[in-house]
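Fold and geometry: a report
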Amino acid sequence: MSAVTNPATVGECLRVGAGFSQGDRNWIAEQFATLDARLAGFHADATELEVSVKDREARGQKVTLECWIAGRQKIVTTSTEEDLHAALNDVRDDLRRKLNDAKTRQEPRNNKHLRDIPQPQGETDPIDEDPARADAETA
């Protein structure tokens, strides 16, 4: 993977949506700081995060974390944990998992395990050995 000149960080990409105030932003960014290592592979100007909460601190509250990365599908994680701190940790961990899954799906050729498996050195095709025969076969 090539190095990113302006890596994405939670502090740079996070917006707070419904249910949160700008005063909550720094506290939430601290909770999500462990995502920085995972987001560092993406450009900051092509990455956005938005966290919102519906019915804050009430039964049935729902925390939603959305992630937009240019060239990829939007990733949405939700939590219905009653404790706000636990709900934020839940959506953070789920986003990290989904980012890892998306990377694996998008880059299967770069899977180290597939590169390390030796390819069988079986018999060669007789057509490959005799170029005259190969021309006759294709004519």
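If you're wondering where the values come from, they're calculated on a predicted model, not measured in any experiment.

**Brief notes about the pattern of salt bridges**
- One pass over the full model with this rule turns up eight salt bridges.
- Asp93 is the partner of Arg96 in a salt bridge, and the nearest nitrogen-oxygen pair spans 3.3 Å. Of this pair, Arg96 and Asp93 both sit in helix H4 (residues 84–106), three residues apart, which is roughly one turn of that helix.
- Judged by its relative accessible area of 34%, Asp93 falls in the partly exposed class.
- Across the pair Asp101 and Arg97 runs a salt bridge, and its minimum N-O distance is 3.2 Å. Of this pair, Asp101 and Arg97 both sit in helix H4, four residues apart, roughly one helical turn.
- For Asp101, a relative accessible area of 34% translates into the label partly exposed.
- Here Arg97 falls in the partly exposed class, since its relative accessible area comes to 42%.
- One salt-bridge network, in which partners are shared between bridges, spans Arg15, Glu48 and Glu50.

**Concerning the pairing of strand E4 (residues 75–79)**
- Here E4 shows a buried face lined by Ile75, Thr77 and Ser79 and an unburied face lined by Val76 and Thr78.
- What sits between the antiparallel neighbours strand E3 (residues 62–69) and E4 is a turn of five residues, in which Gly71 has the positive phi angle 85°.

**Notes on the sheet that holds E4**
- If you walk across this open sheet you meet the four strands as E1-E2-E3-E4, and the pairing is mixed. Among the strands making up the open sheet, the edge pair consists of strand E1 (14–16) and E4. Here the strands of the sheet are splayed against their neighbours by 15° on average, with no regard to which way each runs.
- For strand E2 (residues 47–54) and E3, the ladder comprises eight bridges, and the chain directions are antiparallel. Within the sheet, the bridge partner assigned to Glu50 lies in E3 and is Glu66.

**Some words on the environment of Ala18**
- Here Ala18 is to be found in the loop between E1 and helix H2 (22–31).
- Not counting chain neighbours up to four residues away, the residues in contact with Ala18 comprise Ser52 and Val53.

**Quick look at the environment of Gly60**
- Tracing the backbone through its elements, the reader meets Gly60 in the loop between E2 and E3.
- Each C-alpha atom of the pair Gly60 and Glu82 lies 6.9 Å from the other, and the pair is 22 residues apart in sequence.

**Quick notes on the nonpolar core**
- One finds Phe32 and Val51 to be the most contacted residues of the largest nonpolar core, which totals 27 residues.
- Among all residues touching Val51, those that are not within four sequence positions of it are Leu14, Arg15, Val16, Gly17, Phe20, Ile28, Phe32, Val63, Thr64, Leu65 and Leu88.

**Focus on the environment of Thr64**
- Position of Thr64 among the secondary structure elements: in strand E3.
- Residue Thr64 is classed as buried on the basis of its relative accessible area, which comes to 16%.
- It is 4.4 Å that separates the C-alpha atoms of Thr64 and Thr78, two residues lying 14 residues apart in sequence.
- Beyond its immediate stretch of four places on either side in the chain, Thr64 contacts Glu50, Val51, Ser52, Val76, Thr77 and Thr78.

Definitions and cut-offs
- Residues numbered from 1 in each chain as written.
- Predicted model: local features only at pLDDT ≥ 70, side-chain atom pairs only at ≥ 80, totals over all residues.
- Heavy atoms only, no water.
- Salt bridge = Lys/Arg side-chain N within 4 Å of Asp/Glu carboxyl O.
- Helix = DSSP H or I, 4+ residues; strand = E, 2+ residues; numbered from the N terminus.
- Buried < 20%, exposed > 50% of the residue type's maximum accessible area, 1.4 Å probe, protein only.
- Pairing = 2+ DSSP bridges.
- Axes fitted to C-alpha atoms, helices over the stretch in contact; angles between N-to-C directions.
- Contact = heavy atoms within 4.5 Å.
- Core = buried A, V, L, I, M, F, W, Y, C linked by side-chain atoms within 4.5 Å.

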